[in-house]
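# Structural characterization, general
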Amino acid sequence: MHDRIKSRARRDVPAVSKILGALGKFDLPRPLVVDLIRRELSRIRRARTVPEFESIVALIAGALDDVRASRLQPVINGTGVIIHTNFGRAPLASEAVAALAEIGPAYSNLEYDVPTGERSRRGSYVENAIALLCEAEAATVVNNCAAALVLIVHHFKKSRRARQVATPEVVISRGELVQIGGGFRIGEIIETTGATLREIGATNKTTLEDYARAIGPATGMILKVHRSNFFMSGFVESPSTEQIAALASKKRVPFVEDLGSGAVVATEEFGIPEHEPTPAETLKRGADLVCFSGDKLFGGAQAGIIAGKKRFITALKREPLFRALRCDKLSLAALQATADLHLSQRPAAIPTLRLLQISEDELRSRAAAACDQLSKQCRNLQVAIGRGAAKAGGGTLPKSTMSSVTINIVSKTCSSLEFAARLRKSTPPLIGYIANDCFKLDLRTIFPQQDDLVIKAIRDACAESV
């Protein structure tokens, strides 16, 4: 009897074609929509009861909304975090966007030498430009900074010295075994290459003698990792780059420094007291190689940039692994345009660097104009200008915050959580943060050309509750 009831219920499940007809027009590929409908109907068949047809359509329409929202799309960042990893890190300069539009739809000279008509090496222009920026003998690019580190360790673990032992070692201070975004840890990334970590010192204190004692026949390289996403204070000690470089040179061991954030311009120029070491400074202090991200303070596309001694760069590019980690034409085009802006001394044209130095007066003027409009158009909202503390984010400048200006919103008809959810449904999604039961939008990370979109999104969210 139970089986007959269940069978009858299954027959009540509507056909895919009927659901498609009820949904009407949709802006997603038909195969994707059909697949989603089939999966939802299959789940319903496994249940004991079948909902009404309208409920099924509503359920599937909601699932399609979720799929649509998962597509890569622009968002308006009102969080006050400038290099926001969840939002794609560094926004590209208009020159980089123009380069993508030029290179993307057409063929290009990616590996072709136009003057000779012969094959050439990929990325030669951007490599030369980055080497010049870093005041290095040579440079190269792979697809992210973790890949750069993997390539470097993979190469040096095969050095003549390290080949003499079964498990080559990478010497690193315990105070520099950092964890980066997504739960990935530097130590775990290194160990994927087959090298062994030789941890030295204590969490808060590592001496030059610790490095000296650790170096032996198994040593493949010394790695120093810049604490770009955290800082330690108090009873803390670590040797300088110059000291480690002198020791490494004496022991004939390669010395590499992972800078992470990729500041090629002195951060003090943007009114930030916290100094971020540049690749040029670090190489001058004696490091053989440095690596850093292309999409943080450098302000370009995702990439791992390696700069330093030419013989090491040449050797890295000969590694078979290099081909698996290399950048594509679009990343190289965006990096090329960004490097040109740095070389032309136009840092203000790079959005990340421009956002760091916007004046508070400019932000307050924009906030006043927006609040004036919203107060007139949204009677069920309390709108006010507030103070914010923006951050560089993205694992950079951990000690620095920038005074900023916020638009503070309290809805009279719904909670701040509900109001934030409504704004995330706008086109493009508008994302802020909640503090003290107040929804806030930090204007430092909202571009001036987005102000009208912000006002429209708030106005539409306000109208939902009327």
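In this text the structure is predicted, and so the values were computed from the model without any measurement. (Residues numbered from 1 in each chain as written. Predicted model: local features only at pLDDT ≥ 70, side-chain atom pairs only at ≥ 80, totals over all residues. Heavy atoms only, no water.)

Attention now moves to the overall build of the chain. Within the chain one finds 18 helices and 15 strands. Seen through its principal axes, the chain has C-alpha atoms that stretch 80 × 65 × 55 Å. Counting every position in the chain, which comprises 466 residues, the buried fraction comes to 48%. Taking as baseline every contact in the chain between residues at least 6 positions apart, the subset at least 24 positions apart corresponds to 73%. (Helix = DSSP H or I, 4+ residues; strand = E, 2+ residues; numbered from the N terminus. Buried < 20%, exposed > 50% of the residue type's maximum accessible area, 1.4 Å probe, protein only. Contact = heavy atoms within 4.5 Å.)

Turning our attention to the packing of helix H7 (residues 145-156) against helix H12 (residues 310-318). Relative orientation of the contacting elements H7 and H12 amounts to 95°, with a least axis distance of 10 Å. On the basis of the axis angle, H7 is roughly perpendicular to H12. Side by side, H7 and H12 meet where Leu 151, Ile 152, His 155 and Phe 156 of the first sit next to Phe 312, Ala 315 and Leu 316 of the second. Each residue belonging to the contact of H7 with H12 can be placed in one class, and the counts come to six nonpolar, one polar and no charged. (Axes fitted to C-alpha atoms, helices over the stretch in contact; angles between N-to-C directions. Parallel < 35°, antiparallel > 145°, perpendicular 65-115°, else oblique. Nonpolar A, V, L, I, M, F, W, Y, C, P; charged D, E, K, R; others polar.)

Before going further, it helps to examine the environment of Glu 199. Structurally, the position occupied by Glu 199 is in strand S6 (residues 196-200). Residue Glu 199 is classed as partly exposed on the basis of its relative accessible area, which comes to 34%. Spatially, the C-alpha atoms of Glu 199 and Ala 214 are 8.6 Å apart, while their sequence positions differ by 15 residues. Here Glu 199 is in contact with Ile 172, Arg 174 and Leu 177, once residues within four sequence places are set aside. One polar contact links Glu 199 to Arg 174, side chain to side chain, over a distance of 3.5 Å. (Polar contact = N/O pair within 3.5 Å; in protein donor to acceptor, adjacent residues only side chain to side chain.)

Quick look at the sheet that holds strand S15 (residues 438-442) now. Ordered by their spatial adjacency, four strands build an open sheet running S11-S12-S15-S14, and the pairing between neighbours is antiparallel. The open sheet has two edge strands, strand S11 (381-393) and strand S14 (433-435), and neither has a second partner. Adjacent strand axes in the sheet meet at a mean angle of 40°, parallel and antiparallel pairs treated alike. Here four bridges tie strand S12 (residues 396-411) to S15, and the two strands are oriented antiparallel to one another. The partner of Ile 409 across the bridge, within S15, is Phe 439. Taken strand by strand, helix H17 (residues 416-424) contacts S11, S12, S14 and S15, and its axis lies near 40° from that of S15. (Pairing = 2+ DSSP bridges.)

With that settled, the discussion passes to the nonpolar core. With 81 residues, the main nonpolar core has Ile 222, Leu 356, Phe 419 and Ile 458 as its most contacted residues. Ignoring sequence-local partners within four residues, the contact set of Phe 419 consists of Leu 381, Ile 409, Ser 411, Cys 414, Phe 439, Ile 458, Ala 461 and Cys 462. The next biggest cluster of nonpolar side chains, apart from the first, holds 29 residues, and it includes Leu 149, Val 153, Ala 195 and Ile 306. (Core = buried A, V, L, I, M, F, W, Y, C linked by side-chain atoms within 4.5 Å.)

This next bit is on the packing of aromatic side chains. This structure, assessed with the given rule, holds three aromatic pairs. Plain terms: the ring middles of Phe 292 and Phe 298 are 6.4 Å apart, the flat faces sit at 50° to each other, and that makes the pair tilted. Like Phe 292, the residue Phe 298 is buried in the burial classification. Judged by centre distance (5.9 Å) and plane angle (75°), the rings of Phe 419 and Phe 439 are edge-to-face. Placement of Phe 419 in helix H17 and of Phe 439 in strand S15 is noted, with a sequence separation of 20 residues between them. Comparing Phe 419 with Phe 439 shows no difference in burial state: the two are buried. Across from the ring centre of Phe 312, 4.3 Å away, lies the NZ or CZ of Arg 311, which sits over that ring. (Phe/Tyr/Trp six-rings, centres within 6.5 Å; stacked < 30°, edge-to-face > 60°. Lys NZ or Arg CZ within 6 Å of the ring centre and 35° of its normal.)

Applying the stated rule across the entire model yields 25 salt bridges. Taking the shortest distance from any N to any O, the salt bridge between Arg 326 and Glu 111 comes out at 3.3 Å. Of the two residues, Arg 326 is situated in the loop between helix H13 (320-325) and helix H14 (329-343) and Glu 111 in the loop between helix H5 (94-103) and strand S2 (112-113); the sequence distance between them amounts to 215 residues. For Arg 326, a relative accessible area of 25% gives the class partly exposed. Where Asp 210 meets Arg 213, a salt bridge forms, and the shortest distance between an N and an O atom there is 2.7 Å. (Salt bridge = Lys/Arg side-chain N within 4 Å of Asp/Glu carboxyl O.)

On to unusual backbone geometry. In this structure, Pro 428 follows Thr 427 across a cis peptide bond, with omega equal to -5°. Note on placement: Pro 428 falls in the loop between H17 and strand S13 (430-431). The backbone of Asn 436 sits at a positive phi, close to 55°, despite the residue not being glycine. Positionally, Asn 436 belongs in the loop between S14 and S15. Judged by its relative accessible area of 79%, Asn 436 falls in the exposed class.

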